Every structure is written in structure tokens, then in C-alpha cells.
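Fold and contact review
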Amino acid sequence: MADHSGRLSGIARERFGWELTDEQQRAAGAVLDGRDVLAVLPTGAGKSAIYQVPGLALDGLTVVVSPLVALQHDQAAALGEAGVCAVVVNADRSAAAAWEAVESGEARFLLLAPEQLAKPEVVERLRGAGVVLFAVDEAHCVSAWGHDFRPDYLRLAAAVERLGRPPVLALTATAAPPVRDDVVERLGMRDPLRVCTGFDRPNIHLAAHRHPSERDRRAAVLERVRELRGTGLVYAPTRAATEEIAAELGARARCFHAGMPAGEKERVHEAFTAGEVEVVVATSAFGMGIDKPDVRFVLHAGCPDSLDSYHQQVGRAGRDGDPATAELHHRPEDLAKQRFLTATGVPEDAIRAVAKAVRAGRGPQDVDLPRARRTRAVNLLVGAGAVDGDLTWVGRDLDEAVAEAVRLAEVHKRAVRSRVEMVRAYAEAPGCRRQELLAYFGEELPEPCGNCDGCDAGRAGERRTSSGGFDVHEGVRHAEWGRGEVMSVEDDRVTVLFEDEGYRTLSLAAVHDRDLLVPDAS
DNA sequence: CGTGTGCTAAATAATTAGCACACGGTGCGTTATT
């Protein structure tokens, strides 16, 4: 195995002005050796360098699969600034020019969504262009979305084969061990080098609060947002909830969900990035591509659908390294909703009816089923490899295809069940939350925690008292906070960085009552 | 599976209890209409 470190770091320095970390070196070096690589590195660790640097070192075209058109443009623009020709192919009209750059050999990177690779003609054109590296960005999507939402993710392995099996590089910031295995298997990766680190975010204080009723929760979340200063995110489980909460919060907040007009979403995103809007109340739609360093809090007004989502959403706080807060406001009822939303069964006869319609050359539109159900059936058939990206039947036996789709639905359901159970266990966990979350990602806590709720009780070996509320007085009562440093005082709210408990906002009265602060704290 | 809504009836003049029912998330793509 050749040592490429000099060459790679040279490219990184001269082209981009980067110094590669050890992890980046290892991953990029293995790619250059022709090995498959799975890199799970936190945001900000320069994941894109891992495909960009070896992509430039190799002689030919690097294909980058990216889930969102907006992300594709971001990446292409970043490469463009470094003087590298990178093009995007999607459903817009600009595709012709992009293909010209690919076929002339001018383009070194091509960014596209998996749906493009489901089209045989796209793969054929790429075969002609000579692909030397196949990178999958945000590779957790293969596992999270592949089963029935964006099934073309499940067919990337087939595209890789048809492209002559270039090295496959999978990149993501969040993937627990089972997700990693799933990504490796689904992408057909061969003995990949796995580079996985950095799930711990010690500056984020993790808390969870259980609420007896929906009203209580809503009131608690609103109160907390009003108490917390600075920029923050609130994740809510439904579109309607995002609108209601944002309306309650007034001018400081905006909502964001996939049902909003594209222009509106863009405006909210830009206003948030620019700091004109402090709080965005969103569904899980608000996520990838957000890289605002000074997010001070992330509140969940409901359970996320997995600990991977949770880690990702929480991880949007405190990227600048300063203290931040994450609070999960949960109810047991949340989990019933998760099960329903992600794992409603698709009956075999529905799948069969859709399969028959597609095989007969008709669209699935005339099958008499609710739209959502029809779409799921189509997605399952695509995932099963029976239907192509352009909705043509791939020429398999009907029964076999239906059976495969049903099996996929079953696998998906089981996966959802187990993810929900893990979220439940986390929400109810009596001990140290940070340890709990890290354990899920297969890492150990590097040091005694003291920066999450529950870790005190965990150390004492006691069950944490279930606090319906979360206000600072209760917090003070539960944990005997030690020395702290005042970070800021606004009105009657004092933000304190405690040695043991991390970042907390207290009422002035609570601070005085408890004589919490050392006299000379600045 | 749960939650919120809207209807109806009961009890009485403005509200409420009970019940049936709709709806719930993520993004590519394509297509039909301005």
C-alpha cells in the first residue's frame, strides 16, 4: 500500500488551504488505494475533503450522490471556488450543459440525487465518462430513507456495478453501528475501511422532561423558549404544531416544514442563517445543510423517530464550542405516533394491484387506493428492484417481486419498532444521558460527565425522580450544584456555567436563594 | 394509536358532553396549468 499522505496533503493545502487530520488522511489514502471506505465523522470535521482530495488526485470523474438539490449546488459552488469544475445533474433544464462538461472530460465532479441513477440512460452516459470514484454523501440516508421513502437509495449498489465497480466511499456525520452495517450492505461495499469517531458533544447539556398531557408540554416548551436567550431550534412532530408554536412565539420565531412554498422555506432558512430570525420551529425537514455555529438551544416538542435523528438534530447546537442546551420534552404517547407514521402496514394485495398495473404498462394512478398508500406500494416495489426509476417493470416474476416488496415492508417495520424502542429507553433513562447516547453510537464516555441531567442520579445509583416540570427551582433542588461561573445576566435570568452541571439558565432568585455562586465569579 | 375538530344533542340562552372522523413526515421527479 503506497503512502499517499504527501500527495494528498499537498492537494489539500494548495487547492483548498486545508490541513488534513489523521482521520481524513487515512480515509483519503485508502480511497486512493482503491479501497471502499465508510467515514463517520462529525460535522465540521471536513467530510467533503475525503472525497474532494482523492477525487482530484485520481484521473477521471468522481460521482457524488447527495440527497438534496440544494446541497449539490452548495458543494459544486465550493469546488468551483477552488477552481475545480464540478457540475450538477437533476431535473432542471441545466442538465445538458452539465453533461457536456462531463463528456468532454472537463468536469471532475458530478453531483446528483439517487433518483438520477435509477434512470438507465444516466448510468449509460456515466459508463462512457469513466467514473473513478463513487461517493455517497449523507450516507445514513441509505438506511433511514432507503426502505420505502426514497427507495432509489437501495439501488445504488446496482448502479455501482454497472459503472464498473469504482471504489465506493460513504460519508456521514451520524450513524450508529447497526446503521453502518446497513449502509455497507446496501451499498454493496467490500471489506471497507471504517473510520468512525467523534459522537460526543461535551458542550451540549442534555436534558429530558416527561409531560403528562399535550397542553402541559406545549406550555413548557413555550416557556422554555421564552427563557432561553439567543438562537435556537424547536423540533415539533407535525406541521400544524410548528405553525402553532411559531405563532405563539411571535416575531422572534418562524416555522419551517415541507408543506411550505419553496420560496418561503428559503427565506426562513436565509433569515435564520443571517441571524434575523432567532428561533425556527420545524419538523424534521429543517436539517441537512444548516451549519449555523451559534445555535444555543435545541428543544424537542416530541420524540424524534430515532436516536440517529436525535443526535443529528441536537448536534446542530453549539457548533462554535460554547455551551448549549438540548431538551427533550416527551410523552409516552409520542411513540404510538412514530409507529403509525413510519410503519403502517401495506397489505399484500395493495402491492400486488400496483405491481400488476405497472407491469401492464399503466401508471399506478388508476389503482383504487389512497394516494399515500399507492406511493408506498410503488416505493416498496422500486426498493425490491421490480420497478425502475421511470416506473417501468424490470421483467421479473410478479409473485417473486410482490414477495420481495412485502419482505422489505416487514424489514422496515421491524427497524422502525426497534428504533422507537431505543428512543423510549433514552427518554426514560434514569442515568447519565450523555453516556446513554454515546453508548448507542458504540463509544465510551471519555471522562466523568457532569453535563447532562440524570448523571448525578446515575452516579448515586438512584432512580432519578420523574420531574414533570423543568424549571430552574426544580433543577436546583434535584442537583446540588456546585461552583459556577456567571456567563451573562439579562433581566432576571442568569446564565451560569456550572462545573458539575454545565450550562443552565436560572432565575436571579434561585441564584440568591441557593448561594450558588462563588463570590468572585465574574 | 392519539389528538384535534366539528357536529349534534342536552340543557337552557351560552356552554358542554359525547361521538364520529380525519389526519399525521422526510424529497426526488413529472406534469398540468398560468
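Just so it is clear, the structure is predicted and the values come from calculations on it, not from any experiment. (Residues numbered from 1 in each chain as written. Chains lettered and ligands numbered in written order. Predicted model: local features only at pLDDT ≥ 70, side-chain atom pairs only at ≥ 80, totals over all residues. Heavy atoms only, no water.)

Moving on: the protein's contact with DNA strand B. Looking at DNA strand B, there are 27 residues lining it, with Gln116, Arg239, Thr283, Arg331 and Leu341 nearest. The separation between a phosphate oxygen of DNA strand B and a polar side-chain atom of Lys119 is 3.3 Å. One nitrogen or oxygen atom from the main chain of Arg239 is found 2.4 Å from a phosphate oxygen belonging to DNA strand B. Listed by contribution, the elements that provide at least two residues to the surface near DNA strand B are helix H6 (114–117) and helix H15 (333–343). The residue inventory of the surface near DNA strand B, partitioned by class, reads 13 nonpolar, seven polar and seven charged. (Near = heavy atom within 4 Å. Polar contact = N/O pair within 3.5 Å; in protein donor to acceptor, adjacent residues only side chain to side chain. Helix = DSSP H or I, 4+ residues; strand = E, 2+ residues; numbered from the N terminus. Nonpolar A, V, L, I, M, F, W, Y, C, P; charged D, E, K, R; others polar.)

Turning next to the side chain of His257. Topologically, His257 is positioned in the loop between strand E10 (253–256) and helix H13 (262–274). Classification of His257 by relative accessible area gives buried; the value is 4%. Here the side chain of His257 touches Glu243 through a polar contact of 2.7 Å, side chain to side chain. Once residues lying within four places of it in the same chain are set aside, the contact partners of His257 are Arg239, Thr242, Glu243, Lys265, Thr283 and Ala285. (Buried < 20%, exposed > 50% of the residue type's maximum accessible area, 1.4 Å probe, protein only. Contact = heavy atoms within 4.5 Å.)

This brings us to the UniProt feature "domain: Helicase C-terminal" (unreviewed entry) in chain A. As recorded in UniProt, the feature "domain: Helicase C-terminal" (unreviewed entry) lies at residues 220–362. For the annotated span residues 220–362, helix accounts for 44% and strand for 18% of the residues, and the straight-line distance between the end C-alpha atoms is 52 Å. (UniProt positions renumbered as here; feature names shortened; annotations may be inferred.)

Evaluated as defined, the whole model comprises three cavities of 30 Å³ or more. Estimated volume of the largest cavity: approximately 110 Å³. Among the elements of the structure, strand E8 (204–210), helix H14 (307–314) and helix H19 (433–440) are those that each provide at least two residues to the lining of the largest cavity. A total of three residues in the lining of the largest cavity trace back to one element, the largest contributor, which is H19. For the lining of the largest cavity, the two domains that each supply at least three residues are domain 2 (204–330) and domain 4 (431–519). Roughly 50 Å³ of volume is contained in the second largest cavity. Residue lining of the second largest cavity: Pro114, Leu117, Ala118, Asp152, Arg155, Leu156, Ala159 and Arg162, and that is the complete set. For the lining of the second largest cavity, the element with the highest residue contribution is helix H9 (residues 156–162), accounting for three residues. (1 Å grid on protein atoms, 1.4 Å probe; cavity = no way out; pocket = protein on both sides within 12 Å on 5 of 7 lines; lining within 4 Å. Points joined across faces, edges and corners; volume = space filled by probe spheres on them. Domains from an automatic or database assignment.)

A sheet is described by the order of its strands in space; here six strands give the open sequence E8-E13-E12-E9-E11-E10, paired in parallel fashion. With partners counted over all chains shown, the strands left at the sheet margins are E8 and E10, one partner each. The sheet shows a mean angle of 15° between the axes of neighbouring strands, taken without regard to direction. Pairing between strand E9 (residues 231–235) and strand E11 (residues 279–282): four bridges, direction parallel. (Pairing = 2+ DSSP bridges. Axes fitted to C-alpha atoms, helices over the stretch in contact; angles between N-to-C directions.)

As a further point, take the sheet that holds strand E7 (residues 193–196). Taken together, the seven strands give an open sheet; going across it, the order is E3-E4-E2-E5-E6-E1-E7, and neighbouring strands pair in parallel fashion. Strand pairing shows two members of the sheet lacking a second neighbour, strand E3 (86–89) and E7, which therefore form its edges. Geometrically, the sheet is characterised by an average inter-axis angle of 15° between neighbouring strands, direction not taken into account. Against the sheet, helix H7 (residues 120–129) contacts strand E2 (61–65), strand E4 (109–112) and strand E5 (131–136), and its axis sits at roughly 150° relative to E2.

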